[in-house]
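# Fold and geometry: a report
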Amino acid sequence: MEKYLAKLPIEREKIQKYMEVISKYSFALGLFIELTIVLLDKSEYIIQYEGQWFRITFLLFGLSIVTTKRDLKQWIWFVVFAVIGFISYRATGRNEILRWAAFVWACYGKDMKKAMKYTFWYTALGCGIIIFLSVMGIYGKIALETIYRADLNGVNAVLENRFCFGMGHPNALHCMILVITWIGIYCYHEKIKWYGYILIMIIHIITYLFTDSRTGLLMSIGSVVIFGVLQYVKCLQNSKWTYIGGMAVVAGCVVLSVLFAVYCTEIPLFDKLNNVLNGRIFALMDSNRYEGMIHTWTLWSAPINNFYFDLGIVRFFYWFGIIPGMIYYFLQCRVLWCGYKNKDYMLLAMIVVITVYSVFEAHFISDYIGRNYIFFFFGMYLADMVGDGRKNLNIKKN
């Protein structure tokens, strides 16, 4: 008996190592599946058994959670968010919040900088393959001919032919190149010289010539300027007011989206903006129930709230409810403050550009975890956000 007890500490160490290996690889496999689903969704392939794949990734992230050593505070907060997810599921039939919580808590103890680099390279490679197959005529349309812009009554409708290179839609092509650019800059900004940003700008201008995506071009120019300024204007990097300004941008985007849901195009400025955005705002009234307008918002949403439109922040509140929406955008401000404490100024740029983009595009507000890099940041700074008092294991040097 004494010999057995003497071996127990060694056995515990072995078990802990096995648990860490299980946690690491179950998380990696779950992330791989989620990213693969994103790529397949962006192609013209129809994903079979999508719900079952989401259940598999949920179980994999759950396995990663239970095999990672963490303190009581994290477990308490996980239960809180699991309860929020369960309430959302009962109210709407959607399980996304449960899946998001599982992913974020599974991130703990992982090298999230490495995970984001993996996400960048795998997504870029996948998009490159889709484009290559399209250009070679093997799979996917190289261009899409349809009416892209017209007045609300159909006047001035012109049939146009724009390139999509297997992505299903030109806007989707520009969107994917845009988000790959953002995560690439975040991961490798320390290696990018000033002329690298000019090259990135040229790439997006060329992309615009193929896609004619005005939103994509405007966001490309604006985001590259934001990344470049934060990288080369040193006084902004560690300034508390820079991060407070980022929080103000997040809050402003939410307020603007609420005003869209209240007034739609009744305000002259919104009507002009709607014309620039090709009818994205007026699309809230393009249904029998005026889906997405403020009267369709409730505290926890409802199963009937399943309409699709481009305004991403409006879609979040409409799909998931006012309470989950307020929590989500509060957590974005919370993670910005964690970025300030950790001098992660490129996180500030990422949150700002993703939130601004989500006002007019819904790429990040979807069923797919692999689309929304905000959750990666929630996972990266989980220890700081819940205040467990331990060193943040997710932030490792490059």
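The coordinates are above.
Residues numbered from 1 in each chain as written. Predicted model: local features only at pLDDT ≥ 70, side-chain atom pairs only at ≥ 80, totals over all residues. Heavy atoms only, no water.

Applying the stated criterion across every chain, the model contains 3 cavities of 30 Å³ or more. Empty space within the largest cavity amounts to approximately 50 Å³. In terms of lining residues, the largest cavity is bounded by L35, V38, L39, T123, M176, V179, H363, G370, R371 and Y373. Considering each element in turn, the lining of the largest cavity owes the most residues, 3 residues, to helix α1 (residues 2-42). Tallied by class, the residues present in the lining of the largest cavity amount to 6 nonpolar, 3 polar and 1 charged. (1 Å grid on protein atoms, 1.4 Å probe; cavity = no way out; pocket = protein on both sides within 12 Å on 5 of 7 lines; lining within 4 Å. Points joined across faces, edges and corners; volume = space filled by probe spheres on them. Helix = DSSP H or I, 4+ residues; strand = E, 2+ residues; numbered from the N terminus. Nonpolar A, V, L, I, M, F, W, Y, C, P; charged D, E, K, R; others polar.)

This next bit is on unusual backbone geometry. Even without being a glycine, F165 presents a positive backbone phi close to 50 degrees. Note on F165: relative accessible area 12%, which makes it buried. (Buried < 20%, exposed > 50% of the residue type's maximum accessible area, 1.4 Å probe, protein only.)

Attention shifts here to the environment of E96. Relative to the assigned elements, E96 resides in helix α4 (residues 96-106). Classification of E96 by relative accessible area gives buried; the value is 5%. With 206 residues separating them along the chain, E96 and A302 place their C-alpha atoms 14 Å apart. Those residues in contact with E96 that sit more than four places away from it in its chain are F320, S366 and D367. (Contact = heavy atoms within 4.5 Å.)

Glancing now at the packing of helix α13 (residues 322-341) against helix α14 (residues 345-360). Two numbers describe how α13 lies on α14: the axes approach to 9 Å, and their chain directions differ by 160 degrees. With respect to each other, α13 and α14 are oriented roughly antiparallel. Both α13 and α14 take part in a crossing whose hand is left-handed. Counting all contacts with α13, which are made through Y329, Q332, V335, L336 and G339, the residues of α14 involved are L347, L348, I351 and T355. (Axes fitted to C-alpha atoms, helices over the stretch in contact; angles between N-to-C directions. Parallel < 35°, antiparallel > 145°, perpendicular 65-115°, else oblique. Left-handed = near helix turned anticlockwise from the far one by under 90°.)

This brings us to the state of the cysteines. Taken as a whole, this structure holds 0 disulfides when the rule is applied. Of the cysteine sulfurs around C107, a residue in no disulfide, the closest is that of C187, at 14 Å. Judged by relative accessible area, C107 falls into the buried class, the value being 0%. (Disulfide = S-S within 2.5 Å.)

Following the criterion strictly, the structure yields 44 aromatic pairs and no others. Ring plane angle 85 degrees and centroid distance 5.3 Å describe the contact between F163 and F210, whose orientation is recorded as edge-to-face. On the criterion of sequence distance, the pair formed by F163 in strand β2 (residues 159-163) and F210 in helix α7 (residues 194-211) is long-range, its members being 47 residues apart. By relative accessible area, which is 30% here, F163 ends up partly exposed. An aromatic cluster of at least three residues, connected via ring pairs, comprises W100, W297, Y308, F316, F317, W319, F320, Y328, Y329, F375 and F378. One cation-aromatic arrangement involves R70 over W75; the distance from NZ or CZ to the ring centre is 5.6 Å. (Phe/Tyr/Trp six-rings, centres within 6.5 Å; stacked < 30°, edge-to-face > 60°. Lys NZ or Arg CZ within 6 Å of the ring centre and 35° of its normal.)

It is worth spelling out α14 at this point. For α14, with 16 residues, the first-to-last C-alpha span of 24 Å sits near the 22 Å given by 1.5 Å per residue. Among the 16 residues of α14, 15 are classified as buried, and the element is accordingly described as predominantly covered. (Expected span 1.5 Å × (residues − 1).)

As a rule of thumb, soluble globular proteins bury nonpolar side chains together. F27, F103, W182, Y186, F227, Y329 and F378 are the most contacted members of the largest nonpolar core, which has 106 residues in total. In this structure, W182 is in contact with M219, S223, F227, M350, V353, I354, Y357 and F364, ignoring residues within four places of it in sequence. One finds I33, I37, V38 and Y368 within the second-largest nonpolar core, a separate group that totals 7 residues. (Core = buried A, V, L, I, M, F, W, Y, C linked by side-chain atoms within 4.5 Å.)

To continue, consider the environment of L35. Here L35 is to be found in helix α1. Residue class for L35 comes out buried when judged on its relative accessible area of 2%. Considered as a pair, L35 and T119 are 84 residues apart in the sequence and their alpha carbons are 7.4 Å apart. In this structure L35 touches Y118, T119, Y122, T123 and G370, once residues within four positions along its chain are discounted.

So, on to the packing of helix α8 (residues 214-232) against α14. At a closest axis distance of 10 Å, the pairing of α8 and α14 adopts a crossing angle of 160 degrees. Taken together, α8 and α14 sit at an angle that is classed as roughly antiparallel. The handedness of the crossing between α8 and α14 comes out as right-handed. Residue-level contacts link T215, M219, S223, I226, F227, L230 and Q231 of α8 to Y345, M346, L348, A349, M350, V352, V353, V356 and Y357 of α14.

Tracing the chain through its elements places T242 in helix α10 (residues 240-263). The exposure class of T242 is buried, given its relative accessible area of 15%. Within polar-contact distance, the side chain of T242 engages the backbone oxygen of L236 at 2.9 Å. Those residues within four positions of T242 in sequence are excluded, and the remaining contacts are L230, L236 and L348. (Polar contact = N/O pair within 3.5 Å; in protein donor to acceptor, adjacent residues only side chain to side chain.)

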